[in-house]
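Below are the chains, spelled out letter by letter.
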Amino acid sequence: MNPVLEVVLRSVSVLAVFLVLPLIVGQTEHKVMAHMQGRLGPMYAGGFHGWAQLVADAAKFIQKEDITPRAADRWVFKLAPAVALVPYLVALAVIPISPTLVGADVDAGVLFVLAASAVGILGLLMGGWASANKYALLGGMRAAAQLLSYELPLVLSVASVALAAGTLSLSGIVDAWHPLWLLWQLPGAMVFFVAAVAELQRGPFDMPIADSEIVMGPFTEYTGLRFAFFLLSEYAGIVVMSLLFTVLFLGGWHGAFSDSLGPVWTLAKSAVISVLIIWMRVSWPRLREDQLQRLAWLVLVPVALVQLALTAVWVVLSSR
Amino acid sequence: MTDHEHSQGESRKGTKSGGLLPGLVKGLITTARTLGRPTHTTEYPDAQPYLPPRSQGVIALLEENCTSCMLCSRECPDWCIYIDSHKETLPATTEGGRERQRNVLDRFAIDFSLCMYCGICVDVCPFDALHWSPEFEYAEVDIKDLLHEKERLGQWMPTVPPPPALDPSSAEPQEITAANKPARTAPEARS
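One structure accompanies this document, and this report is about it. Per chain, the residues get numbers from 1 upward, laid out in the order the sequence is written. Each chain is given a letter, starting from A, and each ligand a number, starting from 1, according to the order in which they appear as written. Thresholds applied to this predicted model are a pLDDT of at least 70 for local features of residues and 80 or more for the giving and counting of side-chain atom pairs; totals over whole chains, interfaces and linings are not thresholded and use all residues. Just so you know, side-chain values use all the structure's heavy atoms and leave hydrogens and water out.

Let us look at the overall build of chain A. Helix and strand counts for chain A stand at 11 helices and 0 strands. Based on C-alpha atoms, the radius of gyration is set beside the globule rule, defined as 2.2 Å times the residue count to the power 0.38. Taking 20 Å as the expected radius of gyration for a compact globule of 320 residues, we find that chain A reaches 20 Å, a close match to that expectation. With respect to the principal axes defined by its C-alpha atoms, chain A has extents near 65 × 50 × 45 Å. When the 320 residues of chain A are sorted by exposure, 49% land in the buried category. Taking the intrachain contacts of chain A between residues at least 6 apart in sequence as the baseline, contacts between residues at least 24 apart amount to 77%. Summed over all atoms, the accessible surface of chain A reaches about 14,900 Å², with 73% contributed by carbon and sulfur. When charges are counted, neither His nor the chain ends are considered; positive counts come from Lys and Arg and negative counts from Asp and Glu. Just so you know, the charge point we use is NZ for Lys, CZ for Arg, CG for Asp and CD for Glu. When the 18 positive and 19 negative side-chain charges of chain A are each reduced to one mean point, those points stand 7 Å apart. Every helix listed is a DSSP run of H or I at least four residues long, and every strand listed is a run of E at least two residues long, numbered separately from the N terminus. Under the scheme applied here, a residue whose accessible area is under 20% of the maximum for its type counts as buried, over 50% as exposed, and between as partly exposed, the area being computed with a 1.4 Å probe on protein chains only. Residue contacts are counted whenever heavy atoms from the two residues lie within 4.5 Å of one another. All accessibility values rest on the Shrake-Rupley procedure with a 1.4 Å probe; residue burial counts only the protein chains present in the view.

All names here are of chain A. Every helix has an expected span of 1.5 Å times one less than the residues it contains. Across its 34 residues, helix α1 (residues 3-36) extends 48 Å between first and last C-alpha, which sits within 8% of the 50 Å expected from 1.5 Å per residue. Looking only at α1, the buried set comprises V14, F18, P22, V25, G26, Q27, E29, K31, V32, M33, A34 and M36. Backbone geometry just after α1 places G38 at a positive phi near 75°.

Residues and elements named next belong to chain B. Strands are labelled as partners when DSSP assigns at least two bridges between them. Across the sheet, 3 strands lie side by side as β2-β3-β5; this open sheet has antiparallel pairing. Of all the strands in the sheet, just β2 (81-90) and β5 (147-148) have a single pairing partner and so form its edges. Taken together, the 2 bridges between strand β3 (residues 100-111) and β5 define a ladder with antiparallel strand orientation. Residue D111 lies in a different strand from β5, and its bridge partner there is L147.

Moving on: the side chain of S73(B). Residues and elements named next belong to chain B. Looking at the secondary structure, you find S73 in helix α3 (residues 71-75). Within the local environment of S73, its side chain forms a polar contact with the backbone oxygen of I81, the two atoms lying 3.3 Å apart. Excluding residues within four positions of it along the chain, S73 makes contact with W79, I81 and I83. Residues adjacent in sequence count toward polar contacts only when both atoms are side-chain atoms; beyond that, a polar contact is any pair of N or O atoms within 3.5 Å, and within protein one must be able to donate a hydrogen and the other to accept it.

Attention shifts here to the interface of chain B and chain A. Of the residues lining the interface, 13 residues belong to chain B; the matching set on chain A comes to 14 residues. Counted as salt bridges are all cases of a side-chain nitrogen of Lys or Arg within 4 Å of a carboxyl oxygen of Asp or Glu. The interface formed by chain B and chain A contains 0 salt bridges. Remark: the boundary between chain B and chain A carries 6 residue pairs in polar contact (both at pLDDT 80 or more). Within the side of chain B that touches chain A, the residues separate by chemical class into 5 nonpolar, 6 polar and 2 charged. Classification convention: Asp, Glu, Lys, Arg as charged; Ala, Val, Leu, Ile, Met, Phe, Trp, Tyr, Cys, Pro as nonpolar; all other residues, Gly among them, as polar.

Residue and element names in this part refer to chain A. Along its 31 residues, helix α11 (residues 289-319) runs 43 Å from first to last C-alpha, staying within 8% of the 45 Å computed at 1.5 Å per residue. Bend, in this description, refers to the angle at a residue between axes fitted to the seven residues ending there and the seven starting there. At L300, α11 shows its strongest bend, of approximately 30°, with the proline P302 following within four residues. On its buried side, α11 packs onto α5 (134-165), α7 (181-184) and α8 (186-200).

Another aspect to go through is the environment of V197(A). Residues and elements named next belong to chain A. Residue position: V197 is located in helix α8. Among the residues examined, V197 registers a relative accessible area of 1% and is labelled buried. Considering only alpha carbons, one finds V197 and G237, 40 residues apart in sequence, at a separation of 9.2 Å. Non-local contacts of V197, meaning those with residues more than four positions away in its chain, are made with R202, G203, F205, I277 and M280.

So, on to unusual backbone geometry. Its identity as a non-glycine residue notwithstanding, A132(A) has a phi of 60°, on the positive side. Checked against the element boundaries, A132(A) lands in the loop between α4 (109-130) and α5. One non-glycine residue, M70(B), lies in positive phi territory at about 75°. Relative to the helices and strands, M70(B) resides in the loop between β1 (58-61) and α3. According to the relative accessible area criterion, M70(B) is partly exposed, its value standing at 29%.

Right, let's talk about the pairing of β3(B) for a bit. Every regular strand shows the same layout, with side chains that alternate between the two sheet faces. Taken together, the 10 bridges between β2(B) and β3(B) define a ladder with antiparallel strand orientation. Following the sheet pairing, K87(B) is matched in β3(B) by N103(B).

Don't take any of this as a statement about function, it's just geometry.
And the structure:
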């Protein structure tokens, strides 16, 4: 195939996935959350159980006025949503759905995904700092503190998996995966899961947004499409983190008939993880700021370090 | 509904025991159980909500009973009742009789944009001219249209539910007691 055409085709399909999967997750959250609270959720848009609610929301957001506060740092303020959103798109491009179904197969995929998704923090910090609003500033600071402290356990738990597989390639990790890893890497998987939810700033780790305390955190001053981009980046983040968790810890496309059903397995596993993330948000109250830091430094980091040591010892012993 | 209350009681009992983890798991179980249960939502514009028959939706006026005594207007905490009346002289019905005067109601209006639905006017009315109706769908685009004049207030009257039945062991209603009294013996009362 013509290389240029192939690049365009791959980019467009990644973009399509990037636009569709977060909407599905968002709609699932609408409905699951509503029913968990004894409500019905959206019922009108699109006719059947409000399936087009998020499309309608997008249409509404597009029509809204795009306001930039007078005291805001204009360029930083306007750029922030893009900085929050694009890293997830980049990260999504290298996550393999099946051995062949991947936007771009990068050798050091793990490193690439972690580096890319960490850039998203900057978007929040920029938005919080540039809004010229005390709530936004507080939220931005909280976001920075939270994301920095949870980045460490996240990276450590991923390092453990990479060490176990002996490769930094995401498809390589899935190939090396064995069902026993579910047990062996369990502490690391739990650390990764908790840290990933905290990275996404979803409940119970939504301290930076904390709408009952600081209005909407870094998003306070945003309206219209820019606000929608922040929301989209949150759901895109859920998609990326669920897919990453599936690929790293749940063996991606491994499963019955994985030759033909590989992508289905990956997507099904990450759908379960997404629902779990939604479920946690509905069930648990928000952590206080100090509890949040305590959890990261006193629980997650030690557990991740122990897991890393355990993996290292095992790898050294088994390779002898 | 009883199902729901029952499960709430259960979970309240459950919170007594347990450290960190059981509490978290219990939260997950509670939400999952709610997910599996039918919702209590009524889709209002499509389906009418169930309201108790004595709901305080709107105040209806039975104009014939009103004597313009102004009690309701004076008791109203936010002064949302407007009453105008004038005196009318009725000619004597019998030869050499005395002329009588009575109040005629010109205007009776309730401003539902001010009304706080306390129901004091209904309670205080000595002649049962004001009644609660459970109707509630009278929202307006313009706030000025929430000022209901006596014609509009009268239109709510057919929606007022009949008064609740008395207790079996209660005394007879005043009206029946009065009707059962022996007639006064005064000759040819006014018809």
